[in-house]
Amino acid sequence: MSADKIITIDGPAASGKSSVARLLANHLGWACINTGNMYRAITLGLLKAGVDVHDEAAVVTALPTIPLENVLVDGRNLILLSGQEVENELNSEDVNNSVSHVAKVPQVRTQLVAMQRDLGLAQPSVMEGRDIGTVVFPEASAKFYIDASEEVRARRRGDQGLSDSVRERDRMDSTRKTAPLMAAADAVIIDSSELSLQEVVDKIVALLPSRGVITSGKASSYAA
Ligand code: CDP
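Scope of this entry: the structure provided in the associated data block. Bear in mind the structure is a predicted one, so any value in this text is a computation, not a measurement.

Cut-offs used in this document
Residue positions within a chain follow its written sequence, with the count starting from 1. The predicted nature of this model means local features are confined to residues of pLDDT at least 70 and side-chain atom pairs, given and counted, to a pLDDT of 80 or more, with totals for whole chains, interfaces and linings taken over all residues. For the side-chain quantities, the full set of heavy atoms in the structure was used; hydrogens and water were omitted. Runs of H or I in DSSP of at least four residues are treated as helices and runs of E of at least two as strands, each being numbered from the N terminus. C-alpha atoms define the radius of gyration in this analysis, and the globule rule sets the expected value at 2.2 Å times the number of residues to the power 0.38. To sort residues, take the accessible area from a 1.4 Å probe on protein chains only and compare it with the maximum for the residue type: under 20% means buried, over 50% means exposed, and anything in between is partly exposed. Whether two residues touch is decided by their heavy atoms; if any such pair falls within 4.5 Å, the residues are in contact. Residues counted as positive are Lys and Arg, residues counted as negative are Asp and Glu, and His and the chain ends are not counted. Taken as the charge centre is NZ of Lys, CZ of Arg, CG of Asp or CD of Glu, depending on the residue. Whenever a nitrogen or oxygen atom comes within 3.5 Å of another N or O atom, the pair is scored as a polar contact, on the condition that within protein one atom can donate a hydrogen and the other can accept it, and that pairs from neighbouring residues in sequence are kept only if both atoms are in side chains. Simply put, an axis is a line fit to the C-alpha atoms, just over the touching stretch for a helix, and the angle between two N-to-C directions goes from 0 to 180 degrees. Note that the term roughly parallel is reserved for angles under 35 degrees, roughly antiparallel for angles over 145, roughly perpendicular for angles of 65 to 115, and oblique for everything else. The crossing is said to be left-handed when, going from far helix to near helix, the turn is anticlockwise and less than a right angle, and right-handed when the turn is clockwise. Amino acids are sorted into nonpolar (Ala, Val, Leu, Ile, Met, Phe, Trp, Tyr, Cys and Pro), charged (Asp, Glu, Lys and Arg) and polar (every other residue, Gly among them). Any residue with a non-hydrogen atom lying within 4 Å of a molecule or strand is treated as near it. For every accessible area listed, the method is Shrake-Rupley and the probe measures 1.4 Å; residues are considered covered only by the protein chains on display. Using a grid of 1 Å spacing that covers the protein atoms alone, one calls a set of points a cavity when a 1.4 Å probe fits there but cannot get out, and a pocket when the set is open and has protein on both sides within 12 Å along at least five of seven lines; lining residues are those with an atom within 4 Å of a point. Grid points are joined across faces, edges and corners, and a volume is the space filled by probe spheres set on the points. Remark: nonpolar core denotes a set of buried residues (Ala, Val, Leu, Ile, Met, Phe, Trp, Tyr, Cys) joined through side-chain atoms within 4.5 Å.

**Section: the overall build of the protein chain**
Stage number 1. Within the protein chain one finds nine helices and eight strands.
Stage number 2. The globule rule puts the C-alpha radius of gyration for 224 residues at 17 Å, and the 17 Å found for the protein chain is close to it.
Stage number 3. Taken along the three principal axes of its C-alpha coordinates, the protein chain extends 50 × 40 × 30 Å.
Stage number 4. Going through the 224 residues of the protein chain one by one, you find that 49% of them count as buried.
Stage number 5. Relative to all contacts within the protein chain whose residues are 6 or more apart in sequence, the contacts with residues 24 or more apart total 75%.
Stage number 6. The averaged location of the 29 negative side-chain charges in the protein chain is 3 Å from the averaged location of its 23 positive side-chain charges.

What follows is the structure, given as structure tokens:
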């Protein structure tokens, strides 16, 4: 797989990047890989095992015992913990409050970045997260960073019925030492505050040829 078969989408919490990535991947007929869910699943596994996620040494010790698997089903990555699907537990309040503590641990990131590279290289992929354009696939030619104002992001989370302190997660994600949230120098930055989902996807699709991504013949209509 070459760099022109990876599209990276990064951005802060509730910027809309997951929905954009899903629509774009469907449009192209590519796999959609949500890396945030991997950090969430490890966090869930640690919480279930009773590990104090604020204790970095305890997280590192427990890490090899967390039985995380990633499989692609219908073009989307499905995460299994001890062989069980856990998607409906990944956005719980406990996980929201703990995930950025776990995601700042370098050993956690090393393990997940290796998994993400393997997955992304296995087929043409849209991959979304915080460090995809900077760390996971720095060689990708099509990189996007989706942003939105803090008010808009807080409102979007509220509209989803989720209580989630996005401001605190963003603060932690942006200031951590290893792979902090930031736009790659060669990423296209899109502010989605005043744009619909469709408008963001349209912008990206229009830019793909100039970024070396050839999409002819694969594209289908947009569908979530
Ligand atoms: O959906 P939302 O944008 O709120 O978050 P997410 O993409 O599910 O990511 C949850 C958390 O995982 C983030 O707040 C980061 O702490 C961490 N994360 C990361 O460090 N690196 C990634 N590539 C993806 C997520």
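**As for the side chain of Asn34**
Stage number 1. Residue position: Asn34 is located in strand 2 (residues 31-34).
Stage number 2. For Asn34, a relative accessible area of 18% gives the class buried.
Stage number 3. For Asn34, the side chain forms a polar contact with the main-chain nitrogen of Gly36, separated by 3.0 Å.
Stage number 4. Among the polar contacts made by the side chain of Asn34, one reaches the main-chain amide nitrogen of Asn37 at a distance of 2.9 Å.

**Section: the pairing of strand 6 (residues 125-129)**
Stage number 1. Burial within strand 6 is extensive, with five of its five residues counted as buried.
Stage number 2. A two-sided burial pattern is seen for strand 6, the buried positions comprising Ser125, Met127 and Gly129 on one face and Val126 and Glu128 on the other.

**Structural notes on the packing of helix 2 (residues 36-48) against helix 5 (residues 106-121)**
Stage number 1. Where helix 2 meets helix 5, the axes come as close as 11 Å, and the angle between the chain directions of the two elements is 135°. Classified by the angle between their axes, helix 2 and helix 5 sit oblique to one another. In terms of crossing hand, the pair formed by helix 2 and helix 5 is right-handed. In contact with Met38, Tyr39 and Ile42 of helix 2, helix 5 contributes Val108, Arg109, Gln111, Leu112, Val113, Met115, Gln116 and Leu119.
Stage number 2. In the contact of helix 2 with helix 5, the residues fall into eight nonpolar, two polar and one charged.

**As for the site of the ligand**
Stage number 1. If you check the shell around the ligand, you find 19 residues, and the closest are Lys17, Arg40, Arg157, Arg169 and Asp173.
Stage number 2. Here an oxygen atom of the ligand and a side-chain polar atom of Ser100 are 3.1 Å apart.
Stage number 3. In this structure, Arg130 approaches the ligand through a main-chain N or O atom, which is 3.1 Å from a nitrogen atom.
Stage number 4. Bound to the protein, the ligand loses 97% of the 530 Å² it would expose on its own.

**Details of the side chain of Ser193**
Stage number 1. Among the secondary structure elements, Ser193 is positioned in the loop between strand 8 (188-191) and helix 9 (197-207).
Stage number 2. In terms of polar contacts, Ser193 uses its side chain to reach the backbone amide nitrogen of Ser149, at 2.9 Å.
Stage number 3. In this structure the side chain of Ser193 is engaged in a polar contact, spanning 2.6 Å, whose partner is the side chain of Asp191.

**Quick look at unusual backbone geometry**
Stage number 1. The phi torsion at Ala14 lies on the positive side, around 60°, for a residue other than glycine.
Stage number 2. Structurally, the position occupied by Ala14 is in the loop between strand 1 (6-10) and helix 1 (17-28).
Stage number 3. The exposure class assigned to Ala14 is buried, which follows from its relative accessible area of 10%.
Stage number 4. Even without being a glycine, Ser82 presents a positive backbone phi close to 50°.
Stage number 5. With respect to the element layout, Ser82 can be found in the loop between strand 4 (76-81) and strand 5 (84-85).

**Remarks on the layout of surface pockets**
Stage number 1. A volume near 930 Å³ is recorded for the largest pocket.
Stage number 2. Counting residues per element, the lining of the largest pocket draws most heavily on helix 1, at five residues.
Stage number 3. Split into classes, the residues belonging to the lining of the largest pocket amount to twelve nonpolar, 15 polar and 14 charged.

**Observations concerning the nonpolar core**
The tendency in soluble globular proteins is for nonpolar side chains to be buried as a group.
Stage number 1. Counting 33 residues, the largest nonpolar core has Tyr39, Ile42, Leu46, Leu68, Val108, Leu112 and Phe137 as the members making the most contacts within it.
Stage number 2. Of all the secondary structure elements, the ones that give two or more residues to this core are helix 2, helix 3 (56-62), strand 4, helix 4 (93-103), helix 5 and helix 6 (132-136).
Stage number 3. The element contributing the most residues to this core is helix 2, with six residues.

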